[in-house]
Amino acid sequence: MKSKSSCANRLIFLCWLVYATSYIGKLSYSANINRIGEAFDVSYSAAGIVTTFFFFVYGAGQIVNGFLCKRYNIKYVIGISLIVSATMNLLVGVVHSFNVIKYLWLINGAAMSFLWTSLIRLLSETLDREDIPRATVAMGTTVAIGTFSVYGISSAVAASLSYRTVFLIAATLIFAVAIFWFISYNIFTKPLLASKAELTLKDDGNTKTAASGGVAAVLPFLAVIAILAVSDNLIKDGLTSWTPDILAEIYDTPPWLSILLTLLLPALGILGSVVAVKLVGALGDYVLSCTVLFGTSSLLIGVVLAFISTPYMAVTVASFALVSCLMAGVNNIITSMIPLGMSDKVTPGKLAGILNGFCYLGSTVSAYGLGAIADAFRWVSVFYTLLGVSALCTVLGIGYLLANKLGKRV
């Protein structure tokens, strides 16, 4: 039993490492968006269009791969995706045409869209039910840790080196993880697949029947979760992408300090993943947990608006960090806990791809949309937009919960 648990932990670590490192390659542009904009002398909206390209194809790819991942050879799909992403980061680090960057980043988004659905499928097919909570917590921290890492690297580089160095570091790290993935995959998965084969033969018929029969019953629930997913990433990635620019423009902070302060966002995001697991465990309801997190975020964004015209930058940064923490919690509930927790009703890889696709629809809107709002109306309008989105999600969650309480089935 101890050996089996150890095998599960090794596989969870491998999947964690792949996805956490992938975030360095995903956000290497976002973490340096203000420096790249200055280097090429482009507007906020023009700089944001690059991330829009990435998030659009990444989100669409998530949905497509959610339906197709059952047919993939996971070992090669994930390994090749990492290699392509590393190559795109390397090229962005050396090109001198801004117009080329958005197409390279589009390819990066397409490559990265294969990862999450395949990793969730791998974990659901190899781990026993008692191992799923550990995997949920671990995979829930990948976004925060990966984001923290890339912003930490960018802050260190910004003090004395070109932003291009960040892309070269990202390429090197992703190449290294790709090699480790190819070497470790069979070693880590074979013992778990062998031990689970007998259980699969016994339970396969019942599992499939439950999954096919349960989808219609949860469609209203999934519709609400999809809306929350879009809103979650709009807020979360909007803050991650634009906080350095917000701090630089409003408080006149230097680039290295703006990026360094932004590290607080993903740092507390790690805590947010743990908070989400505890909250769902205490409340016993996914929508209620998300509603509580969105409601609290609304109050914190209100605090930002109250203090934005004052010199108290610490209040703004702390509020941003706490909102990021709460939105990371929502993200963990939507992309990890729900797919793995509802495997009896919907195929985990498919559900993970669909919900993550909706998440990145929000990322697509935030990348260009918030930059365009800032260009036209300045940053205070961005904060009102985020407040409106968060408040609407709170109202939607409350409405859904009240409807259920009145007897409308999910």
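A few points on the structure. (Residues numbered from 1 in each chain as written. Predicted model: local features only at pLDDT ≥ 70, side-chain atom pairs only at ≥ 80, totals over all residues. Heavy atoms only, no water.)

## Considering the overall build of the chain
Next up, step 1: Regarding its fold elements, the chain presents 16 helices and 0 strands.
Next up, step 2: Here the C-alpha coordinates of the chain stretch approximately 65 × 55 × 35 Å along the principal axes.
Next up, step 3: Looking at the chain residue by residue over its 410 residues, the buried ones come to 56%.
Next up, step 4: For the chain, restricting intrachain contacts to residue pairs at least 6 apart in sequence, the fraction spanning at least 24 positions comes to 86%.
Next up, step 5: About 16100 Å² of surface is accessible on the chain, with carbon and sulfur atoms providing 70% of the total.
Next up, step 6: Between the mean site of the 25 positive side-chain charges and the mean site of the 17 negative ones, the chain shows a separation of 9 Å. (Helix = DSSP H or I, 4+ residues; strand = E, 2+ residues; numbered from the N terminus. Buried < 20%, exposed > 50% of the residue type's maximum accessible area, 1.4 Å probe, protein only. Contact = heavy atoms within 4.5 Å. Areas by Shrake-Rupley, 256 points an atom, 1.4 Å probe, with all protein chains shown as cover. Lys, Arg positive; Asp, Glu negative; His and termini not counted. Charge placed at Lys NZ, Arg CZ, Asp CG, Glu CD.)

## Points about the pattern of salt bridges
Next up, step 1: Here the structure, examined in full by the defined rule, presents 3 salt bridges.
Next up, step 2: Ionic pairing is found between Glu-125 and Arg-121, a salt bridge with its closest N-O pair at 3.2 Å. Of this pair, Glu-125 and Arg-121 both sit in helix 6 (residues 115–126), 4 residues apart, which is roughly one turn of the helix.
Next up, step 3: On the accessibility criterion, Glu-125 (27% relative accessible area) is partly exposed.
Next up, step 4: Of the residues examined, Arg-121 reaches a relative accessible area of 13% and is grouped as buried.
Next up, step 5: In this structure, Arg-134 and Asp-131 form a salt bridge, with 3.0 Å as the shortest nitrogen-oxygen distance.
Next up, step 6: Each member of the salt-bridge network shares a partner with another, and the members are Lys-70, Arg-121 and Glu-125. (Salt bridge = Lys/Arg side-chain N within 4 Å of Asp/Glu carboxyl O.)

## Description of unusual backbone geometry
Next up, step 1: We note that Asp-41 has phi near 55°; this positive angle belongs to a residue other than glycine.
Next up, step 2: With respect to the element layout, Asp-41 can be found in the loop between helix 2 (33–40) and helix 3 (44–68).
Next up, step 3: Take Asp-41: its relative accessible area is 70%, and that puts it in the exposed class.

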